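A structural walkthrough
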Amino acid sequence: MSLEKFLSQAVSSWMNEDGPSSEIVLSTRIRLARNHHQYAFPTVFTQEEAEQTAEAVGAAVKHTGYPLEELKMKELQGLEKRVLVEKHLISPNLAEDSGASSVWLSDNEDISLMVNEEDHLRIQCLFPGLQLKEALHKALEIDDAIEQHFDYAFDENYGYLTTCPTNVGTGLRASVMMHLPGLMMTHQMNRIIPAIGQFGLVARGIYGEGSEALGNIFQISNQTTLGKSEEDITEDLLHVVDQIIAQEKSAREALVKSSGIQLEDRVFRSYGTLRYSRVIESKEAAKCLSDVRLGIDLGFIENVSRSILNELMILTQPGFLQQYAGGFLRPVERDIRRASLIRERLEMDVSKDKGGSDI
Amino acid sequence: MMCEQCQERPAAVHLKNVVNGKKSEIHLCEVCAQDKGEAFMNDDGGFSFNHLLAGLLNVSPVMKQSQPQQNRRQTVECSGCEMTFDQFLKIGKFGCPKCYESFRDQLPPILKRLHSGNTVHQGKLPERQGGTIHMKRKVTELRSDLKALIEQEEFEQAAEIRDQIRSLEAEIRDEGGGADES
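Residues numbered from 1 in each chain as written. Chains lettered and ligands numbered in written order. Predicted model: local features only at pLDDT ≥ 70, side-chain atom pairs only at ≥ 80, totals over all residues. Heavy atoms only, no water.

Chain B is annotated in an unreviewed UniProt entry as UVR domain-containing protein of Jeotgalibacillus malaysiensis.

The name an unreviewed UniProt entry assigns to chain A is Protein-arginine kinase, from the organism Jeotgalibacillus malaysiensis. Under the Function (unreviewed entry) heading, UniProt states for chain A: "Catalyzes the specific phosphorylation of arginine residues in proteins." Under the UniProt heading Sequence similarities (unreviewed entry), the entry covering chain A gives this text: "Belongs to the ATP:guanido phosphotransferase family." (UniProt positions renumbered as here; feature names shortened; annotations may be inferred.)

Here's what the structure looks like:
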């Protein structure tokens, strides 16, 4: 399969659009956790209850009229599930389950409804750039449509009842994926992360809880779901994200001013590594991709598209590499494949620009 | 669950011991546990992971709440899924929606700890199922308007608001939702 064709299938189309503040904010995600009032939570439910829940969700989803397609976990291959995880369309937990779990996806993959994960239903909306209000609006709209045919577990005092007490209330997790190389290079993240905590927010690495910040990408999200309205939660997050954007911009300016040539050197060395290396590990690839993306933002590199970081951070994950290769790969084979896929991808942009190849 | 030692503070440390197949459990607050700490710690060589998680989900003495006497029962069980409160503490997840009702007395300190001191939902209500809750929220809003109007001596407007409150409360009673106690 040609890379161009593979890319069109591998990268969700919502990702190719440029959103507001997209030089720093890669994407926005809203998730609502919901449960049926009648059935036990996935923690203890029986196979029969799991199937009944999935059926009830399915019936409600169909009533909404949203053109969503269901993928059942038990019908997917291991590699297919892994690819869905790498695209952030399902969680690793859902992928592990082969019972009555499924995901409902929209055509461009900006809507993803997970069934029987930790909760009976998780409504997820993804937007490019910083679009918290827009994403919240869409998620609440889907929520209202589903509720017309699905009796939610709701309590007057506790709000939407969820399996984990950390989600009760609004069931809302609003998160923003940010590329923060300036703040990392100026060693400011160690100061910012604890400060974020004081606002009931948390900063994590790209693949969520417990993962490290690969490629200077951080996910900032709310931790508190009780006692604040959905609008207030997203407003608070937006306020903090705006401040981080301002700080990242001034860190980048300061870096260009104080050590512009060193920064440019670092960017082009990373670009060289990506364009010419034959074996590359995921950590090094992530670091170089972050540098190249910064180089594009600062105008050092002009012939590479901005979506490169977003795209290649996903494409160079093990699941995608193996899907592209068409079979299982050992770690060292993945490093070789990764290098060649990155070269090929960068070549695409350069060819478009110059109309020729120089690899 | 209250501390078995002082009966004053909520239990924050739960110790289980098995000697010759005979199980024993003790539930203490952080203060009493510290007093007795050394002796317990040596029993099984230290706190287990479960004790740590239980400690995290439980309250610290500063967040203590006066709880009804009947909650001295060692193990509360959910009427829906039969999960016990201790099991919930161990896995950190509920078994069904009824757990929230069954563990209602035990939950406020846990929720306060997890949600920056909050225990009451302020967000969205389900449109269709919201029923009388929508009206109750409206009554609360109108009461605060009423208070403000009385303070401003706008008695004519205040009377209108009072009538609106009365009619909403009657509607809530008719729907069987019970009037707001506050």
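Scanning chain A for helices and strands turns up 12 helices and 10 strands. In terms of overall dimensions, chain A is globule-like: its C-alpha atoms have a radius of gyration of 21 Å, near the 21 Å expected for 359 residues. Overall size of chain A, expressed as C-alpha extent along the three principal axes, is 60 × 45 × 30 Å. Scored against the burial criterion, the 359 residues of chain A give a buried share of 59%. A sequence separation of at least 24 residues applies to 72% of the contacts in chain A between residues at least 6 apart. For chain A, the exposed area adds up to about 14,700 Å²; of that, 48% sits on carbon and sulfur atoms. A gap of 8 Å separates the mean positions of the 36 positive and 54 negative side-chain charges of chain A. (Helix = DSSP H or I, 4+ residues; strand = E, 2+ residues; numbered from the N terminus. Rg over C-alpha atoms; globule rule 2.2 N^0.38 Å. Buried < 20%, exposed > 50% of the residue type's maximum accessible area, 1.4 Å probe, protein only. Contact = heavy atoms within 4.5 Å. Areas by Shrake-Rupley, 256 points an atom, 1.4 Å probe, with all protein chains shown as cover. Lys, Arg positive; Asp, Glu negative; His and termini not counted. Charge placed at Lys NZ, Arg CZ, Asp CG, Glu CD.)

Residues and elements named next belong to chain A. Spatial ordering of the open sheet is given by S2-S3-S4-S5-S1-S8-S10-S9, a layout of eight strands whose pairing is antiparallel. Because the sheet does not close on itself, it has two edges, and the strands there are strand S2 (69-72) and strand S9 (201-205). Averaged over all neighbouring strand pairs, the angle between strand axes comes to 20°, with direction disregarded. (Pairing = 2+ DSSP bridges. Axes fitted to C-alpha atoms, helices over the stretch in contact; angles between N-to-C directions.)

All names here are of chain A. According to the stated counting rule, one finds 32 salt bridges over all chains in the structure shown. Linking Glu347 and Arg275 is a salt bridge whose minimum nitrogen-to-oxygen distance equals 3.4 Å. Linking Glu347 in helix H12 (residues 331-354) with Arg275 in helix H8 (residues 230-276), this pair joins segments that are 72 residues apart in sequence. As far as burial versus exposure is concerned, Glu347 and Arg275 are alike and both buried. (Salt bridge = Lys/Arg side-chain N within 4 Å of Asp/Glu carboxyl O.)

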